[in-house]
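Secondary and tertiary structure notes
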Amino acid sequence: MNHLKPIEILEATVNAGVGKANSSFKKLLVLGILAGAYIAFAGAAAAMGTFNLIAVPTTFGLGKILSGTIFAAGLVVVVLAGAELFTGNSLITLAVLEKKTTVPKMLRNWVIVYIANFIGSILVTWMIWKIGLFASGADMFGAITVKVAVGKVNMTFVNCLLSGIMCNWLVSLAVWMATGADSTIGKIFAIFFPIWMFVTCGFEHCIANMYAIPAGIFAAANPAFVELSGVTAEALANLSWAGMAINNLVPATIGNIIGGGFFVATMYWLGLKKS
């Protein structure tokens, strides 16, 4: 069996979107919690594996490359094990364009899965904080966790929006290509390279940020981490639950929807469907 042709990927994605739009609340909630947890595990592993490299300007790029290599495992698990991830579900837009489902059903899926992803992510993040993992590397892991989170909640709306668009353009492309792969290894490689690109570039993924920013909030409760991070008091002031929601999740989420729903789903629909 060969890799599906683009038009066949479109058809398979439409069918998958119909199934997702019609899924029960229980299924979306449980599988959404799992996806949020998987992405949080990936975020924590990527951060743990790279914090010393990220902390030094001369190795920052290498750290981002390694971070992308590790983080890609998160979406691999989501796709292969089966879970509901908000950003990937932006592709349900195709089923709406094909008039196989409705906008209210798509929005229902998005809302349930988004909340479930948050629950799963917060659960894992809290456990990581509780076991003291942020004290790793003579407190440097905690310091970098704070610094990364502070950077995310101090972005301008436009920059976060644009970063979110580019992020889910690549994430949804990974899901799109994995749909066309006919083997496990094929799906892994299809997922790996777009995710590697988005993480290396540092684009904004709303679900990944449900680990990164809460992790920073938890870590900032330790004055030693804050001092070592070198962030200013003014910048630190935005590191709060409200700051996370308003300054990052709102623009990143809108950008992620545009990236996947328009630049992948709609553009391929326009390009591949017969006029």
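Just above sits the structure.
An account of the accompanying structure is given in this report. (Residues numbered from 1 in each chain as written. Predicted model: local features only at pLDDT ≥ 70, side-chain atom pairs only at ≥ 80, totals over all residues. Heavy atoms only, no water.)

1. Quick word on the overall build of the chain
Within the chain, the secondary structure is distributed over twelve helices and zero strands. Taking 19 Å as the expected radius of gyration for a compact globule of 275 residues, we find that the chain reaches 18 Å, a close match to that expectation. Along the longest, intermediate and shortest principal axes, the C-alpha atoms of the chain span 60 × 35 × 35 Å. Counting all 275 residues of the chain, 48% fall into the buried class. A sequence separation of at least 24 residues applies to 85% of the contacts in the chain between residues at least 6 apart. For the chain, the exposed area adds up to about 12200 Å²; of that, 72% sits on carbon and sulfur atoms. (Helix = DSSP H or I, 4+ residues; strand = E, 2+ residues; numbered from the N terminus. Rg over C-alpha atoms; globule rule 2.2 N^0.38 Å. Buried < 20%, exposed > 50% of the residue type's maximum accessible area, 1.4 Å probe, protein only. Contact = heavy atoms within 4.5 Å. Areas by Shrake-Rupley, 256 points an atom, 1.4 Å probe, with all protein chains shown as cover.)

2. Examining the nonpolar core
The biggest cluster of nonpolar side chains holds 76 residues, and the ones touching the most others in it are Phe71, Leu75, Ile195, Phe198 and Tyr211. With sequence-adjacent residues up to four places away left out, Tyr211 is seen in contact with Ala40, Gly43, Ala44, Ser121, Thr125, Ile128, Phe134 and Phe141. (Core = buried A, V, L, I, M, F, W, Y, C linked by side-chain atoms within 4.5 Å.)

3. Focus: helix α3 (residues 60-82)
A rise of 1.5 Å per residue sets the reference length of α3, with its 23 residues, at 33 Å; its end C-alpha atoms lie 33 Å apart and thus fit the reference within 8%. Every buried residue belonging to α3 is among Gly63, Lys64, Ser67, Gly68, Phe71, Ala72, Gly74, Leu75, Val76 and Val78, and all of these are buried. Looking at the buried positions of α3, the neighbouring elements they touch are α2 (25-54), α7 (157-180) and α8 (184-201). (Expected span 1.5 Å × (residues − 1).)

4. Thoughts on unusual backbone geometry
Of note in the backbone geometry, Ala138 takes a positive phi value of approximately 55° without being a glycine. Mapping Ala138 onto the fold places it in the loop between α5 (103-130) and α6 (140-153). Classification of Ala138 by relative accessible area gives exposed; the value is 70%. Positive phi, close to 75°, is recorded for Asp139, a residue that is not glycine.

5. Considering the side chain of Ser67
With respect to the helices, strands and loops of the structure, Ser67 is situated in helix α3. Dropping the residues within four chain positions of it, Ser67 is found in contact with Ala46, Thr50 and Val199.

6. Describing the packing of helix α9 (residues 209-219) against helix α12 (residues 241-272)
Direction vectors running N to C along α9 and α12 enclose 145°, while the axes themselves pass 10 Å from each other. Here the hand of the crossing between α9 and α12 comes out right-handed. Judged by residue contacts, Asn209, Met210, Ile213, Pro214, Ile217 and Phe218 of α9 engage Trp241, Met244, Asn248 and Leu249 from α12. For the contact of α9 with α12, the per-class residue count stands at eight nonpolar, two polar and no charged. (Axes fitted to C-alpha atoms, helices over the stretch in contact; angles between N-to-C directions. Left-handed = near helix turned anticlockwise from the far one by under 90°. Nonpolar A, V, L, I, M, F, W, Y, C, P; charged D, E, K, R; others polar.)

7. Some points on the pattern of salt bridges
Applying the stated criterion across every chain, the model contains three salt bridges. When the shortest N-O distance is used, the salt bridge between Glu84 and Lys20 registers 3.2 Å. Placement of Glu84 in the loop between α3 and α4 (93-97) and of Lys20 in helix α1 (residues 6-21) is noted, with a sequence separation of 64 residues between them. The exposure class assigned to Lys20 is partly exposed, which follows from its relative accessible area of 21%. Salt-bridge contacts for Lys152 lead to Glu204; the nearest nitrogen and oxygen are separated by 3.2 Å. Linking Lys152 in helix α6 with Glu204 in the loop between α8 and α9, this pair joins segments that are 52 residues apart in sequence. (Salt bridge = Lys/Arg side-chain N within 4 Å of Asp/Glu carboxyl O.)

8. Remarks on α1
For α1, with 16 residues, the first-to-last C-alpha span of 22 Å sits near the 22 Å given by 1.5 Å per residue. When α1 is considered as a whole, its buried residues turn out to be Ile9, Leu10, Thr13, Val14, Gly17 and Ala21. When α1 is viewed along its axis, its buried side chains cluster within an angular range of 140° and face the same direction. Contacts from the buried residues of α1 go to α4, α5, α7 and α12. (Arc of directions from axis to C-beta.)

9. Notes on the packing of α6 against α9
Where α6 meets α9, the closest approach of the two axes is 8 Å, and the angle between their N-to-C directions is 120°. One finds that α6 runs oblique with respect to α9. Pair α6 / α9 crosses with left-handed handedness. Judged by residue contacts, Phe141, Gly142, Thr145, Val146, Ala149, Lys152 and Val153 of α6 engage Asn209, Tyr211, Ala212, Ile213, Ala215, Gly216 and Ala219 from α9. Looking at the contact of α6 with α9, its residues break down into nine nonpolar, four polar and one charged. (Parallel < 35°, antiparallel > 145°, perpendicular 65-115°, else oblique.)

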